[in-house]
Amino acid sequence: MSDVTTGDRRATGRTAAPAARPGVVRRLLSTLRDGLYRPLAGDDDRVAYWVHHVRIGVLLSEVAAVAVVVYTLLTQSPGRHHPVILVMAGVVIVAVPGLLLLPLPAMMRDSRGPTMFYLWSLGTTALVLVGTRLDGGASSPLDALLFLTLTYMAVAYSPYGVVAMGSVMTGSYFLFIELPHVTTSGMFFIAIMAAFTMVCAMASANSWAAHERQVELIRIHEALATTDALTGIPNRRAFMERLGSAVEAAAWGHQSVVCLVDLDGFKAVNDTAGHAAGDAMLKAIGSALGGAVRETDTVARLGGDEFAVLADVSVTFSGQMLAERLRSVVAVVGSRSGVTASVGVAEVEAGDDVEDLMYRADAAMYRSKSAGGNQVTTLSF
């Protein structure tokens, strides 16, 4: 850790020049891209949901293809026993299960997931339109499979994706089925398809909004569970989790230290000025400690008037130097009330037990307090 770093919370005094605003077309394209390629999954539960959705889609495709085969073989229609329709249905029956061989869990976490769904829908649309055309055009019932595809999309896609794919289906139907002889029944089908696209888009918007609200509630719950209610900084639970990660990183040569900061003379603040003044003091000290470290470091309140800092160190900036800085900022904040800090330092070593590490830091802090307070003690491994 160095005195001057990119991530230091202290102001540098320089003001960044305002970034140039992108052009209107560029912003529209960016918005469209973000809308079409919204991340499908950010956690294992959501990944499992989408993998299950793919399996349902494979099952629907198989059932639909078998239904087309039965229809082609048994009904008196223009497409009766048509070899192309039968071959296309056979390709679907054989090929679609191959989707399950893809690395679906990984794909659901990046742009490959939406891309797979889009290509799947486009392929299905092409097959349905070809089959419909060979089976007599607008009079064929095979075009109803477009509604099945669009319904499946309403769950799989963002609203942008539903509108985009619904528009492709509607436009393709008009070009390849209706033209050059436009019929009333065909235009009615197109109108219903357009309306159904809007209904599916609204259903998709509601589904995504509900999911986002759920995610936000989970994030709020997690934040409350790991945040000290008074000071707004991480609590003991969050600190211990991050300390465990620091111990693992130490095995790879990452250097960090734990500093326990216990306030001297704080009880007198509560006794003489009241608990409101004590709470204000704790908030101010939490803020001051945060300002003395980098964004990547952790300042937590363990409880009462005890704080902890987990910070990276280096050859040029040791744990002792960091602890002196922490002691100094507490002395500044508490100067009017006679509040200082006893600081204990323990280096994080590879293979450390987290509880033992905290015990070393705590023992060092008590040595500082026993020596009169307002001191720093480092306890070696």
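Structure first, text after, so check above.
Residues numbered from 1 in each chain as written. Predicted model: local features only at pLDDT ≥ 70, side-chain atom pairs only at ≥ 80, totals over all residues. Heavy atoms only, no water.

Moving on, we get to the pattern of salt bridges. The tally for this structure, following the rule as stated, stands at 13 salt bridges. As a salt-bridge pair, Asp 262 and Lys 369 come within 2.8 Å of each other at their nearest N and O atoms. Highlighted residues: Asp 262 in strand β1 (residues 256–264) and Lys 369 in helix α13 (residues 354–370), separated in sequence by 107 residues. The salt bridge partner of Asp 271 is Lys 267, with a shortest N-O separation of 2.8 Å. Here Lys 267 and Asp 271 lie together in helix α10 (residues 266–273), a separation of 4 residues that amounts to about one turn. Each member of the pair, Asp 271 as well as Lys 267, carries the same accessibility label: exposed. (Salt bridge = Lys/Arg side-chain N within 4 Å of Asp/Glu carboxyl O. Helix = DSSP H or I, 4+ residues; strand = E, 2+ residues; numbered from the N terminus. Buried < 20%, exposed > 50% of the residue type's maximum accessible area, 1.4 Å probe, protein only.)

Another point: the sheet that holds strand β3 (residues 306–312). Pairing in this open sheet of 5 strands is mixed, and the strands run β2-β3-β1-β4-β5 from one edge to the other. The open sheet has two edge strands, β2 (298–303) and β5 (376–379), and neither has a second partner. Averaged over all neighbouring strand pairs, the angle between strand axes comes to 20°, with direction disregarded. Bridge analysis of β1 against strand β4 (residues 340–347) gives 8 bridges, and the strand direction is antiparallel. Bridged to Val 257 within β4 is Glu 347. Sheet contacts for helix α9 (residues 236–250): β1, β2 and β3; angle to β3, the most-contacted strand, approximately 25°. Seen against the sheet, α13 touches β1, β2, β3, β4 and β5 and runs at an angle of roughly 145° to β4. (Pairing = 2+ DSSP bridges. Axes fitted to C-alpha atoms, helices over the stretch in contact; angles between N-to-C directions. Contact = heavy atoms within 4.5 Å.)

On to the packing of aromatic side chains, then. The final tally for this structure, using the stated rule, is 11 aromatic pairs. Ring geometry for Phe 117 versus Tyr 152: centroids 6.4 Å apart, planes at 55°, classification tilted. Here the residue Phe 117 occupies a position in helix α5 (residues 112–134), and Tyr 152 occupies one in helix α6 (residues 145–156), the gap between them amounting to 35 residues. Residue Tyr 152 is classed as buried on the basis of its relative accessible area of 13%. With a centroid separation of 5.4 Å and 75° between ring planes, the pair formed by Phe 147 and Phe 189 is classed as edge-to-face. One end of the pair, Phe 147, is in helix α6; the other, Phe 189, is in helix α8 (residues 184–225), and 42 residues separate them in sequence. Residue classification places Phe 189 among the buried positions, given a relative accessible area of 12%. (Phe/Tyr/Trp six-rings, centres within 6.5 Å; stacked < 30°, edge-to-face > 60°.)

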